[in-house]
Structures are given as C-alpha cells and as structure tokens.
Amino acid sequence: MRMRLAEHLRNRIWVVPAVFAVLAITAGIVFPVVDGATELTAIAFDPEAARSLLGSLAGGMITFTGFVFSILLVAVQFGSSQFSPRMLLLFLRDPVTQLALGTFVATFLYSLLVLSAVGRAENPGFVPHNSISIALVLLLASMFMFLRLITNTTSGLRVASVVSELGREARKVIERAYPEPAGADEAGERDPLPLPEDSRVITYRGEPGVLQSVDRQDLVSLATEAEAVIELVPAVGDPLVPGDPLFRVHGRAGALEAEELESSIVVGDERSVEQDPAFAFRLLADISVKALSPGVNDPTTATQTLNQIEVLLRILAHRRLGADVVHDTEGRARFRSRTPSWEDYLSLALDETRQFGAGSLQVSRRLLALLRGLLETVPSYRAPAVEAQLELVRAGARRAFSDEPDREAATTIDPQGLGSSRETP
C-alpha cells in the first residue's frame, strides 16, 4: 500500500501545488490576524494602495499561471513528438515544474486572502502591512521560479540533456536492482535455489495494466512469517490481465492471504523506471529509433543516444544478472523473481537502432565502436553475445552499401560515428 501511494503521488503533477495551496490559505488567514496583534511594521501601506497592490497581484498571478501552463503544454507536445511519448512520465515527475506551479498558485491564493483582510467591517482602517510585504516576497519567488522553469524546460528539450537525465536515472535503478558484481563464470548467473514442486498459485484480480514495482521487503516479511518462499511470476514491466498467475507460494502456502500479497505490487497503465532498468533502455532506444525515422533522419541524435547506452551496458556487464533472490535475516531465500538476461539487455539496447540505422555510416561506425569496447571489457562468458551483435552490424553494412568504399567506411570503428576513425574490425 505504501508503494502504491508513493507511486501515485510521484506521478501526479497536482500534488505539490495542492500542498502549496493549503499552506497559502493557512498563511493568508493567520498572518493578517498576527499583523493585527503586533505594532512592528516593515513597510507601511495605506488602505487604497494595499487594495490596488493585492488586487493587481492576485489578478496578474492567475493570468500568469495560465500563460505558464500554455508554455508547458507546448513543451510537452514538442518533447513527446521529438523524443518519445513515454517521456511524459518523467516530465510529470520534474520537481522544478511542480514547485514552480505550486509557487504561482500559492502567491495567487495568499494575495487574495490578504486582500480580503484589508479594511474589514469591524476595522475599516486596518491594513496588514507585514502580510502585504510577504505577498511581495512571494511575487519575487514566483519570478525566480518562472526563470528557473524556463531554463529547466528549454534545457530539457536538448538531446544531450534528455539522454543524460535518462542515463542518471538508469544508473540509479541498476545500482538498486543489481547490487552484486558479476561472477567469475556463467554459473553465477544460474538459479541458485531449486524450489519445491508443490506450490499455490495466486492469480491477479485487479484492473489490466503493467507491473510497475514490487515491495520485496514486504514480501520477504510475509514469507518469513509463513515459513514459505514467494515467487513472482511476471517480471517488472510485464502486462497483467485478470486471471494471470501473479505469485507462486512454496511451502506453507495456506498461511498467506492473496490480498496481502497483491498489496505489495504496484500496477499502472505504463512502465516506470523505478524498478525497471529495461525501461530506461526502452526509452533510449525509442529516442534513437525516432531520430532514424525517415521523417526526422537525424543519425547524430542516435549516436548521442548510443553514447549513453554504452555507459549503461558497461555497468550491466559487470553485475550479476541472474534471478532476483532476496533472503531473510537467517540467510534463507524467501523471494524470487525473473530478471532480463545479458542477451535481453543487449538486444533491447541495440537491435532496433542497428536495423533502422543499417543505411547510416555514422550509426554503423558508432555501433561497431560500442561493441568493440564492450568486447574488450565484458566477462568472457558474455563475449559471445557481443560478438554475435558485431557480426550482425557487419552483415547489415554489407547489405546496405553496394559500393566497396562505402562498405569499408561503414565497417570502420569510430567512437564519434564520423570524424574519429579507427581500424576496420
């Protein structure tokens, strides 16, 4: 339940503005009362000037907020069409956007409430001087947040900024999902624990959606109390339909309620990067494929995306990618789930870019440099998958270019795509 609430709040752009609105309403009611009980005044205003200032501030801020929303909608539309429609979720989570909108709403509401306190019927000459000064401070804060929002939005539309942000998010989730280093041989990738044959299957009963995240610690606690082993059947990122197998419970299966187990998962309408490293690769591949589409034809963007993909693949190459197994405090395995293999990640990261970029010298050369770099750094048991990708890139270049000089150019290693050639592989 806690994870569901956190995921829900994280994906809602209105949450922070709503909190700011509540704080502004509280301050707009309390501060004039405090003003009336103190004689200390920073800046003095006469009643007419106070009404004019606060009225202009409240009216201007609501118009300004609508203007900012229009800018953001245009930016979101451009970003979705330029990169990937799945990037919208990251935009909604941007704290600068949420804080800026919250500041604008707070300034409007606070100014309106302080305006209502000026010249009340019981005290026609009353002016909450300090409260008005705070409204001016909020105006300055709104201007600062507007400039910060514009800077953040324009920077966020740059290819380098988008792929770098995705890379940072992906590195964090890789650290969480695969904390163990890769083993010396492939045996370390195999399932470390054969499960008992008897099991109870828990089916999914909620709305259709995508498995976004799992509370592993909660499941381990439940399994420890019941002296059982819980196996998650779908992988994070898989679609779920009512009736699909969700858990297999091995051991004392009857001690666990289906409702308890289902409360430990979060299902949404699309994948989330929080516990799903493969989704970060999916987003990067989307950007690369979009850039290579005939309507865009921008291989340089694809090359920039491959730069980030190479960093992530090199990190993954040195992590244990076997089944996700979580143990209790006594070292007994209590939870297990499927995770993508090294071949899965390699295919997800490169296949579509390799196919759509087969006719691009720049993409072919950058892919060869990426794969040669991986081949020199990955553990030996992961090298065959990299060599297979290398051969596919070479074969694609041979098919795409009929002239021998172009074939030779396309099969030249170049970490910049074009302009920094190395030897032909």
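Residues numbered from 1 in each chain as written. Predicted model: local features only at pLDDT ≥ 70, side-chain atom pairs only at ≥ 80, totals over all residues. Heavy atoms only, no water.

Summarise the sheet that holds strand S6 (residues 265-268); cite the residues concerned and give the values.
Within the open sheet, the three strands sit side by side as S4-S2-S6. Their pairing is antiparallel. The strands lining the two open edges of the sheet, one partner per strand, are strand S4 (239-240) and S6. By the bridge criterion, two bridges tie strand S2 (residues 209-214) to S4 in an arrangement that is antiparallel. Each residue of the ladder has a partner; that of Val210, found in S4, is Pro239. (Pairing = 2+ DSSP bridges. Helix = DSSP H or I, 4+ residues; strand = E, 2+ residues; numbered from the N terminus.)

Talk me through the sheet that holds strand S7 (residues 324-327); I want residue IDs and the actual numbers.
The strand order across the open sheet built from five strands is S1-S5-S3-S8-S7, with neighbouring strands paired in mixed fashion. Since the sheet does not close on itself, it has two edges, and those belong to strand S1 (199-203) and S7, each with one partner. Each adjacent strand pair in this sheet contributes to an overall mean axis angle of 20°, direction not counted. With five bridges connecting them, strand S3 (residues 228-232) and strand S5 (residues 245-251) associate as antiparallel partners. Note on S5: the bridge partner recorded for Leu232 is Phe247. (Axes fitted to C-alpha atoms, helices over the stretch in contact; angles between N-to-C directions.)

Tell me about a nonpolar patch on the surface, residues and numbers included.
On the surface, Ile25, Ile29, Val30, Phe31, Val34 and Ile134 cluster together to form a nonpolar patch covering roughly 460 Å² of accessible area. Broken down by element, the residue count for the nonpolar patch peaks at five residues, all from helix H2 (residues 15-36). Assignment of secondary structure puts Val34 in helix H2. Residue classification places Val34 among the partly exposed residues on the basis of a relative accessible area of 47%. (Patch = residues over 30% accessible without salt bridge, like charges linked within 9 Å, V, L, I, M, F, W, Y side chains within 5 Å. Areas by Shrake-Rupley, 256 points an atom, 1.4 Å probe, with all protein chains shown as cover. Salt bridge = Lys/Arg side-chain N within 4 Å of Asp/Glu carboxyl O. Buried < 20%, exposed > 50% of the residue type's maximum accessible area, 1.4 Å probe, protein only.)

Provide a residue-level description of unusual backbone geometry, including the pertinent values.
Non-glycine residue Glu227 carries a positive phi angle of around 55°. In the Ramachandran plot, Asn297 falls in the positive-phi region, its phi being about 55° despite a non-glycine side chain.

Could you give me a rundown of the pairing of S7, with the residues and numbers involved?
Two strands pair when backbone bridges link them, and S7 and strand S8 (residues 333-337) are joined in this way by four bridges, in the antiparallel orientation. Bridged to His327 within S8 is Ala333. Where S7 folds back onto S8 in an antiparallel hairpin, the turn is made up of five residues, including Gly331, whose phi is positive at roughly 90°.

Explain the nonpolar core to me, and be specific about the residues and the numbers.
A general feature of soluble globular proteins is that nonpolar side chains tend to end up buried together. Of all hydrophobic cores here, the largest spans 45 residues; its most connected members are Ile309, Leu313, Trp342, Leu350 and Leu374. Within the residue set of this core, elements represented by two or more residues are helix H7 (159-177), helix H10 (277-292), helix H11 (299-317), helix H12 (342-356), helix H13 (361-377) and helix H14 (383-400). In terms of residues, this core owes the most to one element, H10, which gives eight residues. Leu313 has contacts with Phe281, Trp342, Tyr345, Leu346, Ala349, Leu350, Leu370 and Leu374, leaving out every residue within four places of it along the chain. Grouped together as the second largest cluster of nonpolar side chains are 28 residues, Ala24, Tyr110, Ile132 and Phe146 included. (Core = buried A, V, L, I, M, F, W, Y, C linked by side-chain atoms within 4.5 Å. Contact = heavy atoms within 4.5 Å.)

I'd like a rundown of the environment of His318, residues and numbers included.
Along the polypeptide, His318 turns up in the loop between H11 and S7. Classification of His318 as partly exposed rests on a relative accessible area of 37%. Between the C-alpha atom of His318 and that of Pro379, which follows or precedes it by 61 residues, the distance is 7.2 Å. Leaving out residues up to four positions away in the same chain, His318 has contacts with Pro181, Ala182, Thr377, Val378, Pro379 and Arg382.

Could you give me a rundown of the packing of H10 against H11, with the residues and numbers involved?
With their axes 8 Å apart at the nearest point, H10 and H11 run at an angle of 160° to one another. Between H10 and H11, the angle falls in the class roughly antiparallel. Here H10 and H11 pass one another in a crossing that is left-handed. Residue-level inspection shows Phe281, Leu284, Ile287, Ser288, Ala291 and Leu292 of H10 in contact with H11, the latter providing Pro299, Thr301, Ala302, Thr305, Gln308, Ile309, Leu312, Leu313 and Leu316. (Parallel < 35°, antiparallel > 145°, perpendicular 65-115°, else oblique. Left-handed = near helix turned anticlockwise from the far one by under 90°.)

Quick one: what's the story with the pattern of salt bridges, residue by residue and with numbers?
All told, the structure shown has 20 salt bridges when counted by the stated rule. A salt bridge links Arg338 to Asp238; its shortest N-O distance comes to 3.1 Å. Of the two residues, Arg338 sits in the loop between S8 and H12 while Asp238 sits in the loop between S3 and S4, which places them 100 residues apart along the sequence. Take Arg338: its relative accessible area is 47%, and that puts it in the partly exposed class.

Go over the environment of Val326, please, and point to the residues and values.
Tracing the sequence through the fold places Val326 in strand S7. Residue classification places Val326 among the buried positions, given a relative accessible area of 14%. C-alpha separation for the pair Val326 and Gly156, spaced 170 residues apart in sequence, amounts to 37 Å.

Keep in mind these values describe shape, not function.
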